[in-house]
Amino acid sequence: MKILITIYFMLVSLTFSMGAEFTENFENNDNDWYINKTDKEEISIEKGNYIIKNLDTEMGLSLTLSENISDFYAEEYIWRISGKENSIYGLYIELDTSDRFYFVFSNHKIASLYEKDGELGILDDFETFPFLSNDYNSIILLKESQSFTFLINQIPTDKVWTISNGQIKKIGVYVGDSLNLYIDKFSIFKL
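The notes below deal with the structure included here.

Analysis parameters
Throughout this document, residue positions are counted from 1 along each chain, in the order its sequence is written. In keeping with the predicted nature of the model, local features appear solely for residues at pLDDT of at least 70, side-chain atom pairs appear and are counted solely at 80 or more, and the whole-chain, interface and lining totals rest on all residues. Where side-chain values are given, they derive from all heavy atoms of the structure, hydrogens and water being excluded. Labels follow the DSSP assignment, with helices taken as runs of H or I lasting at least four residues and strands as runs of E lasting at least two, numbered in each case from the N terminus. In this scheme, a residue with accessible area under 20% of its type's maximum is buried, one over 50% is exposed, and one in between is partly exposed, where area comes from a 1.4 Å probe on protein chains only. Any two residues whose heavy atoms approach within 4.5 Å at even a single point are treated as in contact. Using a 1.4 Å probe, accessible areas were evaluated by the Shrake-Rupley method; residue-level cover was limited to the displayed protein chains. A pair of strands is labelled paired if DSSP reports no fewer than 2 bridges between them. Axis definition: a line fitted to C-alpha atoms, limited for helices to the stretch in contact. Angles are taken between N-to-C directions and run from 0 to 180 degrees. Residues belong to a common nonpolar core when they are buried Ala, Val, Leu, Ile, Met, Phe, Trp, Tyr or Cys residues joined through side-chain atoms within 4.5 Å. The salt bridge criterion pairs a side-chain nitrogen of Lys or Arg with a carboxyl oxygen of Asp or Glu, the two atoms within 4 Å. Any pair of Phe, Tyr and Trp rings, taking the six-membered ring for Trp, is counted once the centres come within 6.5 Å. Such a pair is stacked with planes under 30 degrees apart, edge-to-face with planes over 60 apart, and tilted for the rest. Geometrically, a charge over a ring is one whose NZ (Lys) or CZ (Arg) sits within 6 Å of the ring centre while staying within 35 degrees of the ring normal.

1. Looking at the overall build of the chain
Then, in step 1: Scanning the chain from terminus to terminus reveals one helix and 16 strands.
Then, in step 2: Residues counted as buried form 47% of the 191 residues belonging to the chain.
Then, in step 3: A separation threshold of at least 6 residues defines the contact pool for the chain, and within that pool the share at least 24 residues apart is 60%.
Then, in step 4: Carbon and sulfur atoms make up 49% of the accessible area of the chain, which totals about 9,800 Å².

Next up, the structure:
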């Protein structure tokens, strides 16, 4: 495990030293981000944040933010949440088979889920991750070939997942019911 963590630290250093291919600080909407206001969602750009408000009291909200994923790929989200206590939020990875992998947060815990044919199962149940802040957190998705992992506030999680059937089609955020997600910065890195 130590070797794998060392490799990922080296990859992160390499990725950040080469610079971002795309960085959004949400000062305006020059890049035509999805904006919408209904009785179920309110999505806007205000004061340097991409704000995703899930107004639904019973259903989660998924919003695609990335497509055209390369072989070596990294994304960083700097975000914070407000709203319903114990709600679930996080990232999802959708494959070309329509299966979805979810990396989710609730309070100071993280978990991973997998959805296949509409059935959602737990891959890794919720465990405390002590390095989460009550304010903004940096979430980095690192993908190399068919494997991927996450870093939270520059600390690697102890899991590496491998895609055995399919290719990543898109990546997005999942926002639980009655929850607001404020994305302060979004960056994409590719080799």
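Having seen the model, we can carry on.
2. Some remarks on the sheet that holds strand 5 (residues 61-67)
Then, in step 1: On the basis of which strands lie adjacent, the open sheet formed by six strands has the order 5-15-7-8-9-10 and antiparallel pairing. Either end of the sheet is taken by a strand with one partner, and the two such strands are strand 5 and strand 10 (119-128). Going across the sheet, the axis of each strand differs from the next one's by a mean of 20 degrees, ignoring polarity.
Then, in step 2: For strand 9 (residues 109-116) and strand 10, the ladder comprises seven bridges, and the chain directions are antiparallel. Within strand 10, the position partnered with Tyr114 by the bridge is Gly121.

3. As for the nonpolar core
Then, in step 1: Counting residues in hydrophobic clusters, the biggest one holds 39 residues, and the most contacted among them are Tyr50, Ile52, Trp79, Val173 and Ile183.
Then, in step 2: Counting residues per element, this core draws most heavily on strand 16 (residues 179-190), at five residues.
Then, in step 3: If we skip the residues at most four places from it in the chain, Val173 touches Ile52, Leu61, Ser62, Leu63, Leu65, Tyr77, Trp79, Gly90, Leu91, Tyr92, Leu181 and Ile183.

4. A word on the pattern of salt bridges
Close approach of charged atoms allows side chains with opposite charge to pair.
Then, in step 1: The full count for this structure, using the stated rule, is six salt bridges.
Then, in step 2: Measuring nitrogen to oxygen at the nearest pair gives 3.8 Å for the salt bridge that ties Lys190 to Glu21. Here Lys190, found in strand 16, pairs with Glu21, found in the loop between helix 1 (2-18) and strand 1 (22-24); they are 169 residues apart in sequence, far enough to count as distant.
Then, in step 3: Using a relative accessible area of 53% as the deciding quantity, one classes Glu21 as exposed.

5. A short note on unusual backbone geometry
Then, in step 1: The phi torsion at Lys47 lies on the positive side, around 50 degrees, for a residue other than glycine.
Then, in step 2: Residue position: Lys47 is located in the loop between strand 3 (41-46) and strand 4 (49-54).
Then, in step 3: In the Ramachandran plot, Asn68 falls in the positive-phi region, its phi being about 55 degrees despite a non-glycine side chain.
Then, in step 4: Relative to the assigned elements, Asn68 resides in the loop between strand 5 and strand 6 (72-83).

6. Section: the packing of aromatic side chains
Then, in step 1: All told, the structure shown has 23 aromatic pairs when counted by the stated rule.
Then, in step 2: Relative to Phe186, the ring of Phe22 has its centre 6.3 Å away and its plane inclined at 65 degrees; by these criteria the two rings are edge-to-face. Of this pair, Phe22 sits in strand 1 while Phe186 sits in strand 16, and the two are 164 residues apart along the sequence.
Then, in step 3: For Phe186, a relative accessible area of 1% gives the class buried.
Then, in step 4: Judged by centre distance (6.0 Å) and plane angle (70 degrees), the rings of Phe103 and Trp161 are edge-to-face. Linking Phe103 in strand 8 (residues 100-106) with Trp161 in strand 14 (residues 161-162), this pair joins segments that are 58 residues apart in sequence. Across the pair, exposure class does not vary: Phe103 and Trp161 are buried alike.
Then, in step 5: Above the ring of Tyr182, the side-chain terminus of Arg80 is found at 4.2 Å from the ring centroid.

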